[in-house]
Amino acid sequence: MLKGIVVDYAGVLTDAEASRLFAALHLARGHGMRTALLSNADGGGLVRDRLAPWFDAMVFSGEVGLAKPDVEVYRLVARRLGLTPGECAFVDDSAGNVAGAVAAGMAGVRHVSVEQTLTELAVLFTGVVPGIA
C-alpha cells in the first residue's frame, strides 16, 4: 500500500499549473500520506524555505552526494519519510529518473502535464486519498 509521494522540483513543481499539484500534496498529507521533495539541485536555499509547508522531507543531491537516477537516492528519501521504497510513488518529468525510482522499488509517474500526473496519482491512491485528482 502506498503511503508516500515523492516529487521532483524543476519540471514538475515549476509547471504553470503547479498550484493543482500543491493542492494534491496538501490533500494527501491531510489523509496521512508522507510527502518528499527529491531534487538534483546543489542545495535547498530559498526553495527549501518556500516549499517546507508541503513536505515532510526534502533531499537535494548537492547536500547528500547522491543524484537521480542512482537507486540509492530513492532509498534515502524513502528512509527519511520512514517508509520503504515500495510504499512510495515518485513523480518526475525525466523518464530516466522515473526508471531509477522504479528500479529502487517505487511506483513511477512520468510528469508530462499536471492533468495527466493527477490522473495517475488518483489511480495509485484510489481509496487512500479521495479527491486527489
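Scroll up to find the structure.
Values in this document were obtained by computation on a predicted structure and should not be read as measured data. Throughout this description, residue numbers start from 1 for each chain and increase along the sequence as written. pLDDT decides what is reported in this predicted model: residues at 70 or higher carry local features, side-chain atom pairs at 80 or more are listed and counted, and totals for whole chains, interfaces and linings draw on all residues regardless. Processing note: side-chain calculations cover all non-hydrogen atoms of the structure and skip hydrogens and water entirely.

## Focus: the pairing of strand β1 (residues 4-7)
For clarity, the cut-off: Think of it in three bands: residues with accessible area under 20% of the maximum for their type are buried, residues over 50% are exposed, and the middle band is partly exposed, with areas taken using a 1.4 Å probe on protein chains only. A run of DSSP states H or I qualifies as a helix once it reaches four residues; a run of E qualifies as a strand once it reaches two. Both are numbered from the N-terminal end. Two strands qualify as a pair provided that DSSP identifies no fewer than 2 bridges between them.
Every second residue of β1 is oriented toward a common face, with G4 and V6 on one face and I5 and V7 on the other, all of them buried. Here β1 pairs with strand β2 (residues 34-39) via four bridges, running parallel. Residue pairing for β2: G4 is matched across the bridge by R34.

## Quick word on the side chain of H111
Selection criterion: N or O atoms within 3.5 Å of each other form a polar contact, as long as, within protein, one can give a hydrogen and the other can take it, and as long as residues adjacent in sequence are counted only when both atoms are side-chain atoms. Any two residues whose heavy atoms approach within 4.5 Å are treated as being in contact.
Within the secondary structure, H111 is located in the loop between β5 (107-110) and α7 (114-124). Residue classification places H111 among the buried residues on the basis of a relative accessible area of 4%. Among the polar contacts made by the side chain of H111, one reaches the side chain of T117 at a distance of 2.7 Å. Residues in contact with H111, not counting those within four places in the same chain, are G11, V12, D15, L21, V91, D92, D93 and T117.

## Concerning the environment of M58
With respect to the helices, strands and loops of the structure, M58 is situated in strand β3 (residues 57-60). A sequence separation of 23 residues divides M58 from T35, and the C-alpha atoms of the two residues are 8.8 Å apart. Dropping the residues within four chain positions of it, M58 is found in contact with L37, R48, L51, A52 and R80.

## Here's the deal with the sheet that holds β1
Picture the strands of a sheet paired through backbone hydrogen bonds; they go either parallel or antiparallel. Condition: Orientation is described by axes fitted as lines to C-alpha atoms, over the contacting stretch for helices, and by angles from 0 to 180 degrees between their N-to-C directions.
Reading across the sheet, the five strands line up as β3-β2-β1-β4-β5 and stay open at both edges, with parallel pairing between neighbours. The open sheet has two edge strands with one neighbour each: β3 and β5. Neighbour-to-neighbour, the strand axes of this sheet turn through a mean angle of 20 degrees, independent of strand direction. In this sheet, β5 lies alongside strand β4 (residues 88-92) in parallel orientation, the contact comprising four bridges. Within the sheet, the bridge partner assigned to D92 lies in β5 and is R110. Each of β1, β2, β3 and β4 is contacted by helix α5 (residues 71-81), which is oriented at about 150 degrees to β2, the strand it contacts most.

Function cannot be read off these values alone, since they describe shape.
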